[in-house]
Amino acid sequence: MTEPASPAQAAPGGTPGNQGLSLKRQLLLWLLLPQLVLLLVGGALAYRVALNYAEKAIDQSLTQSVKSLSRQVKPIGSGLLIDFPRAAQDIIEQDPTDRVSYMVSSPPGSFLLGNAKIPPPVPAVDTSHAETLLYNTRIDGKPMRVALLELDYGEPNSPQRLRVQVAKSLAVQQRLTTELIADMLLPLLLLGAVLSILMYAGILRGLQPLTRLQAQLGKRRAPTLAALSPIELTQAPQEVYALATALNQLLSAVRRSLGQEKRFLNDAAHQLRTPLAGLISQTELALTETDPQALRARLTKVLSGAQRSAHLVHQLLSLARNEVEVKLQPLDVAALAREVARDWTPRAVRRNIDLGFEGADHLLVDGVALLLREALNNLIDNALTYAGPGSEVTLSANTLEDQVVLEVRDNGAGLSAQDLPHVFERFWRASDVPGGCGLGLAIVKEIARRHGGSAAVLPATPHGLRVQLQLPRFDPALTK
């Protein structure tokens, strides 16, 4: 037994999908993660700065201490007087957590006074200058910071060397660093918390237009014209407004398409109802006829009505086929037009109409042979139907700038100026001649649109009609 897919595993409509993180979570992630990284880096830098300042404070204190202690060592003849009372020593060493040790040696390394455990710098360095030397060491296993100062005393012809060392525990450095870090990071943490709250509130406020947009679209369930009304958003950001505008354009196109489909179905139902009603009526009358001649006449009318209905259904199917996505390919439309004219020649001869072809050769367009053949068949069929016996019908294929123009021209009665604007409307007819249903030119216009072209109807000189199908010429450069 299989378990149903969870919402994260199945998209609406039952198809699998990957919804991923919500926009709110992604924004929080991309805003808070850099903030956290900056906070960590800032903490590390703050620790380093605090450690540096604490080290400078200790070095300054040690430097002053070693200089002060060195001033208490006074040369007397060839000896030394160390004026370092017990009270001063107690003051220096009174803090057990901040351990301070000193050592006086002369010559350097020969212990005289203080803590004999203070080691010299390692590796050995030149201490002949009068500046204080600072270095780190360990005394009794504890880290210490040491200041070393060496002085000369005694007779100029036989000088003696004196070394004074003052050591201080690094515990005070750690304490100062910790205090500085606490004083610096606590405000930063509070500021980061306040900033995170403001970010979260800003994201919620910024996503409110999308929430309203989702609420508006969520209420539209059935694919009706009312559900396809434009989306109304007030005080929306530019990005959300652009999204709503794009959706409104899509909804408007779907609304127009749905309206056209609805009108088309209504018109098709009306147009089919009339011939079907005639077929039923003629069939009922034929069943009551006893005269063979009258029965034959009734059956002839039934056949004519069935042919009109079949023609109407064929035209409706052509319209439906034109609304399906097609793949355009390079096509020699001149050869296609010449072939279509040759196929219609026998029917033109039976109707006493002169049908001919003229034009250039090898005219390439991006097209579908089946659809273009359907368009030319409709144009020639209309011309043969309405031009009348004894007329001339010419199918031509020529170029006009970057367009290929397919034209069907006849010298029949033509159309009035009032009728020309309506010729491409569905189910519109300007003549009562039987056989048409008002869809031929509508199909031609739709086929031209699907090929990126256009259709036009113009009066012929001195009389007649010209129907043009203009298509973009095939450009090989666009296929590279």
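1. Describing the overall build of the protein chain
At step 1: What the protein chain contains, in helices and strands, is 9 helices and 14 strands.
At step 2: Across the 480 residues in the protein chain, those meeting the buried criterion constitute 31%.
At step 3: For the protein chain, contacts bridging at least 24 residues in sequence account for 63% of all contacts bridging at least 6.
At step 4: For the protein chain, the exposed area adds up to about 29,600 Å²; of that, 58% sits on carbon and sulfur atoms.

2. Some details on the pairing of strand β12 (residues 403–410)
At step 1: Taking burial as the measure, the 8 residues of β12 include 6 buried ones, the bulk of the element.
At step 2: Relative to β12, strand β11 (residues 392–400) runs antiparallel, the two sharing 8 bridges. Paired with Leu400 across the two strands is Gln403, which belongs to β12.
At step 3: If you look at the hairpin formed by β11 and β12, you'll find 2 residues sitting between the two strands, and Glu401 has a positive phi there, around 60°.
At step 4: Sheet topology places β12 next to strand β14 (residues 465–472); 8 bridges connect them, and they run antiparallel. Bridging from a neighbouring strand, Val408 pairs with Val467 of β14.

3. Quick look at helix α3 (residues 171–206)
At step 1: Taking 1.5 Å of rise per residue, the 36 residues of α3 would be expected to cover 52 Å, and the 51 Å separating its terminal C-alpha atoms lies within 8% of that figure.
At step 2: Contacts from the buried residues of α3 go to α1 (23–71) and β7 (158–169).

4. Observations concerning the environment of Val405
At step 1: If you trace the backbone, Val405 turns up in strand β12.
At step 2: Expressed as a C-alpha distance, the spacing of Val405 and Pro472, which sit 67 residues apart in the sequence, is 8.9 Å.
At step 3: Once residues within four sequence positions are removed from consideration, Val405 is found in contact with Ser396, Ala397, Asn398, Leu400, Gln468, Leu469 and Gln470.

5. A word on the confidence of the model for the protein chain
At step 1: Model confidence for the protein chain is summarised by a mean pLDDT of 77, while 77% of its residues fall at 70 or above.
At step 2: The low-confidence segment residues 1–17, where pLDDT is below 50, has 11 contacts with residues more than four positions distant or belonging to other chains.

What counts and what doesn't
- Residues numbered from 1 in each chain as written.
- Predicted model: local features only at pLDDT ≥ 70, side-chain atom pairs only at ≥ 80, totals over all residues.
- Heavy atoms only, no water.
- Helix = DSSP H or I, 4+ residues; strand = E, 2+ residues; numbered from the N terminus.
- Buried < 20%, exposed > 50% of the residue type's maximum accessible area, 1.4 Å probe, protein only.
- Contact = heavy atoms within 4.5 Å.
- Areas by Shrake-Rupley, 256 points an atom, 1.4 Å probe, with all protein chains shown as cover.
- Pairing = 2+ DSSP bridges.
- Expected span 1.5 Å × (residues − 1).
- pLDDT = per-residue confidence, 0-100.

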